[in-house]
Amino acid sequence: MLLAALNRPVEHLNKIPVIQLNCKKECTEHIRMDLDNFSSKTNKDVCVPMKNYHLVNWNWLKSASDKQMYSNDCKSVCLHPFCVGCFKTDGVRMEQALKRNAFTYWQVEISQEALSGTSTMIGIGKASKNLSSIGYLNLIGSDEISWGLSTRGLLWHNNKHAQYCEAIQDSESVRIGCLFDGFSGRLSFFVNDKYMGLAFDNINMDEPIYPMVTSTVSKSLFKLTHVFESFPSLQEICKSTINRNTDLFQFVHLPRHLVNFLGNY
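Residues numbered from 1 in each chain as written. Predicted model: local features only at pLDDT ≥ 70, side-chain atom pairs only at ≥ 80, totals over all residues. Heavy atoms only, no water.

What follows concerns the overall build of the chain. In terms of regular secondary structure, the chain is built from 4 helices and 15 strands. Buried residues in the chain amount to 52% of all 265 residues. By sequence separation, contacts in the chain at least 24 residues apart represent 68% of the contacts at least 6 residues apart. In the form shown here, the chain has an accessible surface area of approximately 13,400 Å², with 51% of it arising from carbon and sulfur atoms. (Helix = DSSP H or I, 4+ residues; strand = E, 2+ residues; numbered from the N terminus. Buried < 20%, exposed > 50% of the residue type's maximum accessible area, 1.4 Å probe, protein only. Contact = heavy atoms within 4.5 Å. Areas by Shrake-Rupley, 256 points an atom, 1.4 Å probe, with all protein chains shown as cover.)

Another point: the sheet that holds strand β8 (residues 146-150). Within a sheet, neighbouring strands are paired by backbone hydrogen bonds and run either parallel or antiparallel to one another. As summarised here, the arrangement of the 7 strands in space is β7-β4-β14-β6-β8-β9-β10, forming an open sheet in which the pairing is antiparallel. Every other strand in the sheet has two partners, leaving β7 (132-134) and β10 (160-163) as the edge strands with one partner each. The sheet shows a mean angle of 20° between the axes of neighbouring strands, taken without regard to direction. (Pairing = 2+ DSSP bridges. Axes fitted to C-alpha atoms, helices over the stretch in contact; angles between N-to-C directions.)

Side chains bearing opposite charge may pair, as long as their charged atoms lie close to each other. Inspection of every chain in the model, using the stated rule, returns 6 salt bridges. Two residues, glutamate 109 and lysine 41, come together in a salt bridge whose shortest N-O distance is 2.7 Å. Note that glutamate 109 is positioned in strand β5 (residues 103-110) and lysine 41 in the loop between α2 (28-39) and β1 (54-55), a separation of 68 residues in sequence. Since its relative accessible area comes to 7%, glutamate 109 is described here as buried. (Salt bridge = Lys/Arg side-chain N within 4 Å of Asp/Glu carboxyl O.)

So, about the packing of aromatic side chains. Under the counting rule described, the total for this entry stands at 5 aromatic pairs. On the numbers, 5.2 Å between centres and 75° between planes, the contact of tyrosine 53 with phenylalanine 228 is edge-to-face. One end of the pair, tyrosine 53, is in the loop between α2 and β1; the other, phenylalanine 228, is in strand β15 (residues 220-230), with 175 residues separating them in the sequence. Exposure remark for tyrosine 53: the relative accessible area of 41% places this residue in the partly exposed category. Between phenylalanine 190 and tyrosine 195, the ring centres sit 5.1 Å apart and the planes meet at 45°, which makes this aromatic pair tilted. Classification of phenylalanine 190 as buried rests on a relative accessible area of 8%. Three or more aromatic residues joined by ring pairs form one cluster here, namely Tyr105, Phe190 and Tyr195. The positively charged end of arginine 93 is found above the aromatic ring belonging to tyrosine 210, 3.9 Å away from the centroid. (Phe/Tyr/Trp six-rings, centres within 6.5 Å; stacked < 30°, edge-to-face > 60°. Lys NZ or Arg CZ within 6 Å of the ring centre and 35° of its normal.)

An ideal rise of 1.5 Å per residue puts 16 Å on 12 residues; α2 measures up with 16 Å between its terminal C-alpha atoms. Those residues of α2 lying buried are Ile31, Leu35, Phe38 and Ser39. Down the axis of α2, the buried side of the element spans an arc of 100°, and every buried residue falls inside it. Looking at the buried residues of α2, the elements they touch are β2 (68-70), β3 (76-79), β5 and β15. (Expected span 1.5 Å × (residues − 1). Arc of directions from axis to C-beta.)

Below, the discussion takes up a nonpolar patch on the surface. Together, Leu254, Leu258 and Phe261 make up an exposed nonpolar region whose accessible area comes to about 200 Å². Considering the arrangement of structural elements, one finds leucine 254 in the loop between α3 (234-244) and α4 (256-263). (Patch = residues over 30% accessible without salt bridge, like charges linked within 9 Å, V, L, I, M, F, W, Y side chains within 5 Å.)

You can see asparagine 43 is positioned in the loop between α2 and β1. When the C-alpha positions of asparagine 43 and histidine 226 are compared, they lie 8.5 Å apart, and in sequence the two are 183 residues distant. When neighbours within four sequence positions are excluded, asparagine 43 is seen to be in contact with Lys223, Thr225 and His226.

Its location among the elements puts isoleucine 145 in the loop between β7 and β8. Classification of isoleucine 145 by relative accessible area gives buried; the value is 18%. Considered as a pair, isoleucine 145 and lysine 126 are 19 residues apart in the sequence and their alpha carbons are 5.8 Å apart. Not counting residues within four places of it along the chain, the set of residues in contact with isoleucine 145 comprises Gly125, Lys126, Ser128 and Lys129.

Next up on the list: the environment of serine 233. Here serine 233 shows up in the loop between β15 and α3. Taking the C-alpha atoms as reference, serine 233 lies 9.6 Å from asparagine 52; in sequence the two are 181 residues apart.

A word on unusual backbone geometry. The backbone phi angle of histidine 80 is positive, close to 55°, even though this residue is not glycine. Among the secondary structure elements, histidine 80 is positioned in the loop between β3 and β4 (88-93). In this model, asparagine 202 sits at a positive phi of 55°, which is unusual for a non-glycine residue. Along the chain, asparagine 202 falls in the loop between β13 (194-200) and β14 (209-215).

Keep in mind that these numbers describe shape and distance, not what the molecule does.
Next up, the structure:
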């Protein structure tokens, strides 16, 4: 059982005996009320880090299982709604995939309670990504088909982690923004509208990739507050192409203002 508490590849968990836990069933109406209250909170104004953007209507992919409960508009979701002390990690992804020819920015509000557990994560992954596992895991990024940020400030990919930012405090709910560049395969994060820097680049988009969240905490609430798209100009496409092929250019011979322009991406 100790192995399950470590962030090991998912295939190792299949060898761990599953213990049936006596999870306390709470009143569905009470959980529904918490979910509706969280969902009805007024969205704060968002600073969109893109030009010429437009609002798009996305939602969480609804599951028929009782691992999640959803608001009526599927913009908010509760993970582990009926489980107290479950030794599990569960998650959900969005119904819509990220576009290869666009910049996409989405913001998710995470409840204060969800920040207090072993692992709460936000990120992206392919449709085949497993979003349910025995044990308390950093599930997004535990393999090569997902990329995630934990609220401990760690980036995860291919079951390896690196410090990215300070741990997110659990004194109140937090808004995490995600900016994805479909041309370059770059992913950056924002915490309460503050830019944290580039997190991942050269993300392979040979298959559709979806935004997703996971948590180990009972009754974790996530609200999709905004989703925006922007289609880049020809100048931005050229800039992205140059940055993906820096080995072909001798930056030392370029004017300083052009080097700065290319670096500010």
